[in-house]
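Summary of the model geometry
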Amino acid sequence: MPLFHAPQGDLTRFIARDPYRAVSRIADRLGADAFRGKLMLGDTVFLTGHEKARLFYSDELMRQGAAPWFVKQTLFGRGGVQSLDGDEHHRRKALHLRLMTRDVPDQLADAFRDELARLADSRPGRIVVQDEMARILTRVACKWAGVPGSHPETHAGMLSDLFEHAAPIHMSFMRGVTARRKANAWAGDLIASARTGNLRPTRGSALDEIANYRTVDGVPLSREVGAVELLNVIRPVVAVSAFLTFTAHALATHERARAAAEDAPDTLVQEVRRTAPFFPMLAARTVRDIEIEGDPVAAGTRVVLDIYGTNRDARVWDDPFMFRPSRFQNREVGPYDLIPQGGGDHASGHRCPGEWITIALMRAFTDWTTRIDYKRPRQDLDLEMGTLPALPSSRMIWTDLRPA
Ligand code: MYR
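All values reported here derive from a predicted model rather than from experimental measurement.

1. Let's talk about the overall build of the protein
What the protein contains, in helices and strands, is 15 helices and 11 strands. The C-alpha atoms of the protein give 21 Å as radius of gyration, which agrees with the globular expectation for 404 residues (22 Å, within 12%). Along the first, second and third principal axes, the C-alpha atoms of the protein reach 65 × 55 × 40 Å. The proportion of buried residues among the 404 residues of the protein is 58%. Taking all contacts inside the protein whose residues are at least 6 apart in sequence as the whole, residues at least 24 apart take part in 72%.

Next up, the structure:
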């Protein structure tokens with residue numbers, strides 16, 4: 001049977017208004033987990049659910065030329081690992097995996113725990129969780145990446161703008177574009193200084209490894225691509241602040257979250273990752289003419305995978321719209337079931353190499369919340385579903401923070 005066509009015509013505005021729920025809403029209406037539609041005037045196949053996630057990560061799809069134009073101007077920049085395929089992707093991905101795995105998640109979590117303890121000891125009268133965590137994580141990420149300077153947190157706003165204003169759905173998109181220009185200049189200077197010897201980053205740090213990296217052709221990365229890759233290491237750590245804000249939001253809105261923070265913190269971390277409106281969807285292109293549901297799809301067609309909807313696939317998750325950390329107790333999670341940071345394999349595919357770092361930082365934050373006292377003044381807890389990421393309106397305000 002041919003793929004259904006979305007009835008709405010070009011879906012760009014529909015998706016821009018409700019980026020997390022639009023694809024699964026159409027899929028539900030059509031009763032299908034794959035359908036055709038137009039996106040930014042181009043023919044597109046939309047996929048949702050764990051079975052179609054498996055297809056999305058097959059070798060019939062590639063990333064080159066798939067990312068929408070705007071993420072190159074903001075979130076990802078140009079020429080980084082996200083846009084590569086084949087041998088150079090493999091080599092660049094191995095670099096990122098080297099930088100982000102082994103004992104790195106634990107190291108970062110330890111540094112983060114120290115910072116959180118200091119924050120509680122300073123007994124701040126009021127914090128905005130999103131902004132405070134972005135500052136702390138910028139400090140942690142820059143130190144670990146070998147970036148010199150005693151106050152790296154001054155870059156937190158610039159780094160946050162890269163992911164908070166990544167898409168042209170609001171006027172504030174220009175903040176994302178400006179941040180990319182400034183961040184590339186900042187990181188490009190660091191790469192250049194590490195190469196000339198003006199800076200001597202710790203051996204094996206991200207700055208050292210990226211400055212000295214050689215492509216499959218044996219040449220160094222250009223200054224701009226080096227900057228993009230250094231930012232690809234630092235920015236996602238700062239972006240974990242959004243997951244921490246979603247954790248604070250869950251604690252404010254679900255009794256089950258508060259119980260799990262005490263008794264089974266790992267399950268809370270996973271349920272927040274499953275439910276948080278963090279990254280809405282991913283894009284790829286077909287490598288060759290293929291068939292989806294028996295319907296021919298031409299080579300080069302854009303294919304979009306719905307992350308938000310896949311994490312709520314009722315064939316995988318009971319009561320998928322319920323917030324229930326206990327669903328993760330004694331549960332094996334398949335590579336396409338829970339994909340807030342991409343699916344499939346970390347080494348060979350495009351799954352985020354920072355996933356373990358995210359989990360370790362969220363776990364440290366969750367534990368910390370059980371050892372502090374704080375008040376939550378009246379505030380607007382609604383998630384702003386029309387923004388990316390869809391943070392709570394208040395960004396989570398806490399007052400009277402102190403050790404318990
Ligand atoms: C990272 O820094 O790589 C992770 C940041 C995640 C931010 C999530 C929100 C931005 C999504 C905008 C792009 C949408 C692409 C279809």
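Once you've had a look at it, read on.
2. Describing the packing of aromatic side chains
In total, this model carries 13 aromatic pairs according to the counting rule given. Taken together, a centroid distance of 4.1 Å and an interplanar angle of 25° make the contact between phenylalanine 243 and phenylalanine 278 stacked. Residue phenylalanine 243 is found in helix 11 (residues 223–253), and its partner phenylalanine 278 is found in the loop between helix 13 (265–275) and strand 6 (281–286); the two are separated by 35 residues along the sequence. Put simply, the rings of Phe365, Trp368, Tyr374 and Trp398 pair up and form one aromatic cluster. Geometry around tryptophan 317 places arginine 274 over its ring, the cationic atom sitting 5.5 Å from the centre.

3. Structural notes on the site of the ligand
As a structural note, the neighbourhood of the ligand is formed by Val71, Leu75, Phe76, Phe163, Ala166, Arg235, Pro236, Ala239, Phe278, Phe279, Met281 and Pro389. A distance of 2.6 Å separates an oxygen atom of the ligand from a polar side-chain atom of arginine 235. For the ligand, the protein covers 90% of the area, taking 490 Å² as the surface of the free molecule. Across the shell around the ligand, the residue classes break down as 11 nonpolar, no polar and 1 charged.

4. Overview of the side chain of glutamate 88
Along the chain, glutamate 88 falls in helix 5 (residues 86–100). Among the residues examined, glutamate 88 registers a relative accessible area of 12% and is labelled buried. A distance of 2.8 Å separates a polar atom in the side chain of glutamate 88 from a polar atom in the side chain of arginine 92.

5. Things to note about the sheet that holds strand 10 (residues 372–375)
Pairing between sheet strands relies on hydrogen bonds along the backbone, with the strands arranged either parallel or antiparallel. Strand order in the open sheet made by the 3 strands is 5-11-10, with antiparallel pairing throughout. Of all the strands in the sheet, the pair left with one neighbour each is strand 5 (126–128) and strand 10. Between one strand axis and the next, the sheet turns by 45° as a mean value, whatever way the strands run. Here strand 5 runs beside strand 11 (residues 397–403); their pairing, made up of 3 bridges, is antiparallel. Paired with valine 128 across the strands is isoleucine 397, a residue of strand 11. Contacts between helix 6 (residues 104–121) and the sheet are confined to strand 5, strand 10 and strand 11, with strand 11 contributing the most and set at about 95° to the helix.

6. Brief notes about the pattern of salt bridges
Applying the stated criterion across every chain yields a total of 31 salt bridges. A salt bridge links aspartate 43 to lysine 38, with the shortest nitrogen-to-oxygen separation between them at 2.7 Å. Residue class for aspartate 43 comes out exposed when judged on its relative accessible area of 52%. Given a relative accessible area of 34%, lysine 38 falls into the partly exposed group. Its salt-bridge partner being glutamate 271, residue arginine 274 comes within 2.8 Å of it at the nearest N-O pair. Of the two residues, arginine 274 and glutamate 271 both sit in helix 13, 3 residues apart, roughly one turn of that helix. On the basis of relative accessible area, arginine 274 is assigned to the buried category, the value being 0%. Judged by relative accessible area, glutamate 271 falls into the buried class, the value being 0%. Shared partners join several salt bridges into a network, and the residues in it are Asp33, Lys52, Glu293, Asp313 and Arg315.

7. Some details on the nonpolar core
In this structure, Phe112, Met133, Trp186, Ile234 and Trp368 are the most contacted members of the largest nonpolar core, which totals 91 residues. If you tally residues by element for this core, the top one is helix 11, at 18 residues. When neighbours within four sequence positions are excluded, phenylalanine 112 is seen to be in contact with Met133, Ile136, Leu137, Val140, Leu244, Leu361, Ala364 and Phe365. Of all hydrophobic cores here, the second largest spans 19 residues; its members include Tyr57, Ile290, Val303 and Ile339.

About the cut-offs
Residues numbered from 1 in each chain as written. Predicted model: local features only at pLDDT ≥ 70, side-chain atom pairs only at ≥ 80, totals over all residues. Heavy atoms only, no water. Helix = DSSP H or I, 4+ residues; strand = E, 2+ residues; numbered from the N terminus. Rg over C-alpha atoms; globule rule 2.2 N^0.38 Å. Buried < 20%, exposed > 50% of the residue type's maximum accessible area, 1.4 Å probe, protein only. Contact = heavy atoms within 4.5 Å. Phe/Tyr/Trp six-rings, centres within 6.5 Å; stacked < 30°, edge-to-face > 60°. Lys NZ or Arg CZ within 6 Å of the ring centre and 35° of its normal. Near = heavy atom within 4 Å. Polar contact = N/O pair within 3.5 Å; in protein donor to acceptor, adjacent residues only side chain to side chain. Areas by Shrake-Rupley, 256 points an atom, 1.4 Å probe, with all protein chains shown as cover. Nonpolar A, V, L, I, M, F, W, Y, C, P; charged D, E, K, R; others polar. Pairing = 2+ DSSP bridges. Axes fitted to C-alpha atoms, helices over the stretch in contact; angles between N-to-C directions. Salt bridge = Lys/Arg side-chain N within 4 Å of Asp/Glu carboxyl O. Core = buried A, V, L, I, M, F, W, Y, C linked by side-chain atoms within 4.5 Å.

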